[in-house]
Amino acid sequence: MSSRKEQIQADRIPKHVAIIMDGNGRWAKKKGYLRSLGHENGVDALRNIATASAKLNIEYLTVYAFSSENWNRPQREVNALMALLVTSLKKELKTLMDNKIRLNAIGNLASLPDKCQQELDEVILKTRENDHMMLTLALSYGSKEEILEATKSIAQQVKEGNLAVEDIDEVTFTQNLYTSGIPDPDLLIRTSNEYRISNYLLWQIAYSELYFTPKLWPEFKDEDLYEAILNYQKRERRFGKISEQLNS
Ligand code: FPP
């Protein structure tokens with residue numbers, strides 16, 4: 001076992017880890033490959049990190065696989081990513097079953113090509129009894145859009161007389177987000193030396209610990225995950241309180 005892994009405290013594992021998997025394109029460029037090969041290696045990294053996360057007993061892993069803004073990339077790259085999504089879903093079902101990982105998806109899923117939606121639905125259905133970890137793919141996901149959709153849904157419930165304005169609170173709001181039922185991330189990791197949130201889980205990360213690494217996503221390995229968790233375990237999460245209140 002690696003010494004980093006040995007140092008991890010099993011009773012302080014983050015329950016929910018969110019990842020912005022950035023740098024596939026730069027990784028490919030560095031190696032002189034096509035960008036699409038960068039994404040293919042990104043899938044390998046995701047398989048590896050999802051498996052390592054499940055082994056660490058992380059309960060929820062939520063990854064940014066395709067943002068609402070990614071639709072603006074060259075059509076060829078968008079098509080390649082959508083095709084990769086379909087082949088990866090088919091190929092990875094076994095990994096999900098072997099590791100008891102339940103697949104979930106959040107985002108404007110109706111905007112995905114039909115083939116992607118069908119494949120997603122199928123894998124979500126086949127893995128629904130898996131109870132070790134939930135892997136959520138954020139696809140065609142944008143946090144501002146998610147917040148607007150929640151607002152519209154709440155307004156509709158008020159309009160129909162099913163909800164009183166005074167009863168709108170954080171719980172009501174959270175229940176109307178795509179992530180309803182999923183606890184907020186404890187740790188958010190972003191790879192590739194970018195210090196941005198990029199419209200990812202804005203409401204949900206209000207109190208998450210943020211971890212940035214220069215590693216490009218295809219080169220992010222188990223050891224890097226352990227490093228991020230060790231770093232997280234060294235931090236004191238005060239949620240607005242003072243140290244002494246936490247210890248008492
Ligand atoms: C960021 O790298 C990554 C993405 C936009 C896609 C991430 C996708 C995967 C890891 C594969 C799994 C998901 C699907 C949809 C099959 P980038 O291309 O922005 O890298 P760059 O910033 O270096 O150009």
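Here is what the cut-offs are and how they apply
- The numbering scheme is per chain: residues are counted from 1 as the chain's sequence reads.
- Selection of residues for local features in this predicted model requires a pLDDT of at least 70, selection of side-chain atom pairs for listing and counting requires 80 or more, and totals for whole chains, interfaces and linings are taken over all residues.
- Heavy atoms throughout the structure, all of them, feed into the side-chain values; hydrogens and water do not.
- The helix and strand labels rest on DSSP assignments: H or I over at least four residues marks a helix, E over at least two residues marks a strand, and numbering proceeds from the N terminus.
- With a 1.4 Å probe rolled over the protein chains alone, any residue whose accessible area is under 20% of its type maximum counts as buried; one over 50% counts as exposed, and the rest are partly exposed.
- Any two residues having at least one pair of non-hydrogen atoms within 4.5 Å are treated as being in contact.
- Here the term patch refers to residues with relative accessible area over 30% and no salt bridge, with like charges joined within 9 Å and nonpolar side chains (Val, Leu, Ile, Met, Phe, Trp, Tyr) within 5 Å.
- Per-residue accessibility takes into account occlusion by the displayed protein chains alone, with areas from the Shrake-Rupley method and a 1.4 Å probe.
- Throughout this description, the term salt bridge denotes a Lys or Arg side-chain nitrogen within 4 Å of a carboxyl oxygen of Asp or Glu.
- Counting rule for charge: Lys and Arg are taken as positive, Asp and Glu as negative, and neither His nor the chain ends is counted.
- Each charge is placed at NZ for Lys, CZ for Arg, CG for Asp and CD for Glu.

### Overview of the environment of Lys-55
Now for step 1: Topologically, Lys-55 is positioned in helix H3 (residues 35-55).
Now for step 2: For the pair formed by Lys-55 and Val-158, sequence separation is 103 residues and the distance between their alpha carbons is 44 Å.

### Observations concerning the side chain of Thr-127
Now for step 1: As for its placement among the helices and strands, Thr-127 is situated in the loop between helix H5 (114-126) and strand E4 (133-141).
Now for step 2: The exposure class assigned to Thr-127 is buried, which follows from its relative accessible area of 0%.
Now for step 3: Among residues more than four places away in sequence, those in contact with Thr-127 are Leu-93, Leu-96, Met-97, Ile-101, Arg-102 and Leu-103.

### Considering a negative patch on the surface
Now for step 1: The grouping of Glu-166, Asp-167, Asp-169 and Glu-170 at the surface amounts to a negative patch.
Now for step 2: Within the secondary structure, Glu-166 is located in the loop between helix H6 (143-159) and helix H7 (170-175).

### Considering the pattern of salt bridges
Opposite charge on two side chains allows them to pair when their charged atoms are near.
Now for step 1: Taken as a whole and assessed by the stated rule, the structure comprises 20 salt bridges.
Now for step 2: Here Glu-227 ties to Arg-4 by a salt bridge, and the two come within 2.7 Å at their closest N and O atoms. Residue Glu-227 is located in helix H8 (residues 222-234), and its partner Arg-4 is located in helix H1 (residues 3-7); the two are separated by 223 residues in the primary sequence.
Now for step 3: Among the salt bridges present, the one from Glu-149 reaches Lys-152, with a minimum N-O distance of 3.5 Å. Of this pair, Glu-149 and Lys-152 both sit in helix H6, separated by three residues, roughly a single helical turn.
Now for step 4: Through salt bridges with shared partners, one network takes in Asp-22, Arg-26, Arg-190, Glu-194 and Arg-196.

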